[in-house]
Amino acid sequence: MAENKRNPAAPRKRQSADTPVKKNPAPKAPKGAARSQRNWRHPLRSWLGSHRDSAQQALQRLRRHPLSSAMTILVMTIVLALPTGLAVLIGQVERLGVDWQRAAQLSVYLQETVDGPVAEQLRDSIAALDEVDEVQLLDKALALAEFQQHSGMGDALEQLSYNPLPAVILVTPNSIEGGASALQPLRDRIAAMSGVELVQIDLLWIERLTSILAMLERFTGGLAVLLIFALLLVMTTTIRLAIESRREEIQVIKLVGGTDAFVRRPFLYIGMVYGLLAGLLAWLLLAGGIAWLNTTVRQVAALYESGFELLPMPAGDGLLLVAGAVLLGLLGAWLAVGRHIRDIEPQ
Amino acid sequence: MIRFDQVSKRYPNGHQGLDNLDFHIRTGEMAFITGHSGAGKSTLLKLVMCMERPSAGRVHIGGQDLHELGSDDIPYLRRQIGVVFQNHQLLFDRTVFDNVALPLIINGTPRDEVGRRVRAALDKVDLLKKENLFPISLSGGEQQRVGIARAVVHKPALLLADEPTGNLDPALSAEIMTLFEDFNRVGVTVLIASHDLPLIARLDHRMLTLHEGRLVRDGE
């Protein structure tokens, strides 16, 4: 084994002859040149610098491939806006349902012969029940007047020689939690009172609406799961293409000592930037969509003598949407880079 | 610095890349590996870079047994080695400056120091005026010098080169070799794979000759 005679003593400030390569050395702490030891004092700064570089690379990609980036972002936007929009709409209709539920009542129809003081007595005994919040008695005359006013059949009734309408006691329960079935015992107790013909729970159709809404909600949930899956696929495909187009660069980076994390970082930033833009666009789309729908919703509501309108999406929900989009972008990118980058090795 | 203990490399297709290789290159030494193409020169360098693992035997770099190195440790090994390739392996969408800065960016060198060290490396290969050009506008010899600047910018203890003069004319080749000798003079261990025998013969260095994966000659 010949020694190099030309260079007996290296004048460089390198550490001793055969500097051992330590196992698992701390990242960003290259050994060898004494000057590099300065890095020990700046690990955070260089780490932040690397993140800033990666974020810049992600933005650079947007600038260099504006069309394909826009396509990806638009697909992500639609995929995000669809289930979110449905969820927002269902939430709004639910709000309507809750309003109606608050007005839920038991209608107690009295026997035809019961009226006046007897009816008032019945009203008072119902009011004394624990589960009852409020009672209102419509005696036969009032019931007739109301019916005439609302049904448009006033003329027909006038032809009758007697008042066919029974007196009604409207009962507002303390609580409507648990729906119609929870009101059943109260209903039975009132029905057992003498003088009561029929007790009707007005909650039933609201329950039907609620269960239809629950079904729609579940449908939206399923749709959201599917669409999130689609979004991840779009993201992974995009990132995979981005990785492939930079295969050589990745090989060179690995050759000069770039870690997998270093190679991965710009791609994760691309995922997050795409997610961020898609989330913001989806928010804009929903806000615009709600405003656009509202003009017709108001018209329909006016026909039903209701002041109902769609409320704008709360800012909190919008921020949640954007945050979710960023996370999904990150997750999609992560799934794409996981094995792929490990597999690209210098040849 | 580099020690091979009975190292063999057999490829899955049955090809014997290296056969029972035994040698030691000391710190501060400069040596050539020579032999016909297919004799195992590139395989040897790949083992040093941990781009491939030996089928048998141990490779030690800087006292570290590469056998004990996990895949997560490999980047940190490579940061202490500078490599020069025949095909340069430059990134053509980045400027000369950015190409040379890459190893510094990767090992997290502070920004203010990056510029200084990149310019020092470019000055050494006489390309200071071309730092803002893209590699495509450089000649073959200049591209190779960019590759060399990138290999030495982070002051590695070990410099490897695989056919660094492969595509260059004799005058340029001699110039490149002089550069390597300069680095060696300041203490860098240099190992160059080359089949340019006339050129190597003129330089007075240790020469390892491979033939069909075996070390057939070791001397000056």
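Residues numbered from 1 in each chain as written. Chains lettered and ligands numbered in written order. Predicted model: local features only at pLDDT ≥ 70, side-chain atom pairs only at ≥ 80, totals over all residues.

> Got a minute to help me understand the overall build of chain B in this structure?
From N to C terminus, chain B includes seven helices and ten strands. Compactness check: chain B gives a C-alpha radius of gyration of 17 Å against a globular reference of 17 Å for 220 residues, within 12% of the reference. By principal-axis analysis of the C-alpha atoms, chain B measures approximately 45 × 40 × 35 Å. Look at the contacts in chain B between residues 6 or more apart in sequence, and 69% of them connect residues 24 or more apart. (Helix = DSSP H or I, 4+ residues; strand = E, 2+ residues; numbered from the N terminus. Rg over C-alpha atoms; globule rule 2.2 N^0.38 Å. Contact = placed C-beta atoms within 7 Å.)

> Looking at this structure, how should I read the sheet that holds strand β3 (residues 168–173) of chain A?
Two strands in a sheet stick together by hydrogen bonds in their backbones, pointing the same way (parallel) or opposite ways (antiparallel). All names here are of chain A. Sheet architecture is open: four strands sit in the order β2-β3-β1-β4, paired in antiparallel fashion. In the strand order of this sheet, the two ends are held by β2 (132–138) and β4 (196–201), each with one partner. Averaged over all pairs of adjacent strands, the angle between strand axes in this sheet comes to 20°, irrespective of strand direction. Note that strand β1 (residues 106–110) and β3 share four bridges and pair antiparallel. Of the residues in β3, the one forming a bridge with Val 108 is Ile 169. Sheet strands touched by helix α3 (residues 116–127): β1, β2 and β3. Its angle to β2, the strand with the most contacts, is close to 170°. (Pairing = 2+ DSSP bridges. Axes fitted to C-alpha atoms, helices over the stretch in contact; angles between N-to-C directions.)

> Is there a simple way to think about the packing of helix α3 (residues 96–106) of chain B against helix α5 (residues 140–152) of chain B in this case?
Helix packing geometry: the angle between the two helix axes and the distance between the axes. Residues and elements named next belong to chain B. Look at α3 against α5: their axes get within 7 Å of each other, and the N-to-C directions meet at 30°. In terms of orientation, α3 lies roughly parallel with respect to α5. Judged by the sense of rotation from one axis to the other, the crossing of α3 with α5 is right-handed. Where α3 approaches α5, its residues Val 96, Asn 99, Val 100, Leu 102 and Pro 103 are matched on the opposing element by Val 146, Ala 149 and Arg 150. (Parallel < 35°, antiparallel > 145°, perpendicular 65-115°, else oblique. Left-handed = near helix turned anticlockwise from the far one by under 90°.)

> Looking at this structure, I do not really get the environment of Gly257(A). What am I missing?
For Gly257(A), the location among the structural elements is in the loop between α8 (247–255) and α9 (260–303). Here the alpha-carbon distance between Gly257(A) and Trp292(A), two residues 35 residues apart in the chain, equals 55 Å. Once residues lying within four places of it in the same chain are set aside, the contact partners of Gly257(A) are Pro75(B), Tyr76(B), Arg78(B), Arg79(B), Pro103(B), Ile106(B) and Asn107(B).

> Quick question: what am I supposed to make of the nonpolar core here?
As a rule of thumb, nonpolar side chains are buried together in soluble globular proteins. The biggest cluster of nonpolar side chains holds 68 residues, and the ones touching the most others in it are Val48(B), Val100(B), Ala149(B), Leu159(B) and Leu160(B). Top element by residues in this core is α3(B). It accounts for seven residues. Core analysis: the second largest hydrophobic core is formed by 33 residues, Met76(A), Leu268(A), Ala278(A) and Leu286(A) among them. (Core = buried A, V, L, I, M, F, W, Y, C linked by C-beta atoms within 7 Å. Buried ≥ 20, exposed ≤ 12 C-beta atoms within 10 Å, placed from the backbone.)

> Help me understand the domain arrangement of chain A in this model?
Interfaces are often sized by the accessible area lost when the parts come together. Per the domain assignment, the segments making up chain A are domain 1 (52–99 + 208–343) and domain 2 (105–202). Spacing between the C-alpha centres of domain 1 of chain A and domain 2 of chain A amounts to 53 Å. (Domains from an automatic or database assignment.)

> Explanation requested: α9(A) in the structure shown.
Working note: α-helix, 3.6 residues per turn, so residues spaced by three or four point in the same direction. Residues and elements named next belong to chain A. Its 44 residues place the ends of α9 63 Å apart at the C-alpha level, agreeing with the 64 Å of an ideal helix rising 1.5 Å per residue. Where α9 bends most, the angle comes to about 35°, and this point is Asn 294. Positive backbone phi, approximately 55°, marks Glu 305, located one or two places after α9. (Expected span 1.5 Å × (residues − 1). Bend = angle between axes of the 7 residues up to and from the residue.)

> How do you make sense of the pairing of strand β10 (residues 214–219) of chain B when you look at a structure like this?
Put simply, side chains in a regular strand alternate between the two faces of the sheet. All names here are of chain B. In this sheet, β10 lies alongside strand β9 (residues 206–211) in antiparallel orientation, the contact comprising five bridges. If you follow His 211 over to β10, its bridge partner there is Arg 214. Between the end of β9 and the start of β10, which pair antiparallel, lie two residues, with Glu 212 showing a positive phi angle near 50°.

> Help me understand unusual backbone geometry in this model?
One can expect most non-glycine residues to show negative phi and most peptide bonds to be in trans. All names here are of chain B. Look at Lys 155: it is not a glycine, yet its phi comes out positive at around 50°. Along the chain, Lys 155 turns up in the loop between α5 and β7 (158–162). You can call Lys 155 buried: it has 25 C-beta atoms within 10 Å. The backbone of Glu 212 sits at a positive phi, close to 50°, despite the residue not being glycine.

> When you look at the pairing of strand β1 (residues 2–10) of chain B in this model, what are you seeing that I'm missing?
Residues and elements named next belong to chain B. Pairing of β1 with strand β4 (residues 56–61), which is carried by five bridges, proceeds in the antiparallel orientation. Counted as the bridge partner of Phe 4 is Val 59 from β4. Pairing of β1 with strand β2 (residues 16–25) involves six bridges; the strand directions are antiparallel. Counterpart to Val 7 in the pairing with β2 is Leu 21.

> Explain the environment of Ala119(A) here, please?
Residue and element names in this part refer to chain A. Note on placement: Ala 119 falls in helix α3. Linking Ala 119 and Ile 169, residues 50 residues apart in sequence, is a C-alpha distance of 8.3 Å. Each residue touching Ala 119, except ones within four places of it in the same chain, is listed here: Leu 110, Val 114, Leu 137, Asp 139 and Ala 167.

> Even after reading the chapter, I still don't get the environment of Ala171(B), so can you show me in this structure?
All names here are of chain B. The residue Ala 171 is located in helix α6 (residues 170–185) in this model. Of the residues examined, Ala 171 has 8 C-beta atoms within 10 Å and is grouped as exposed. Spatially, the C-alpha atoms of Ala 171 and Ile 148 are 17 Å apart, while their sequence positions differ by 23 residues.

> Mind showing me how you'd approach the packing of α3(B) against helix α4 (residues 111–124) of chain B here?
All names here are of chain B. Running from N to C, α3 and α4 cross one another at 125°; their axes reach a closest spacing of 9 Å. Of the possible angle classes, the one that applies to α3 and α4 is oblique. Handedness of the crossing formed by α3 with α4: right-handed. Only Val 114, Arg 117, Val 118, Ala 121 and Leu 122 of α4 make contact with α3, whose side of the interface consists of Phe 97, Val 100, Ala 101, Leu 104 and Ile 105.

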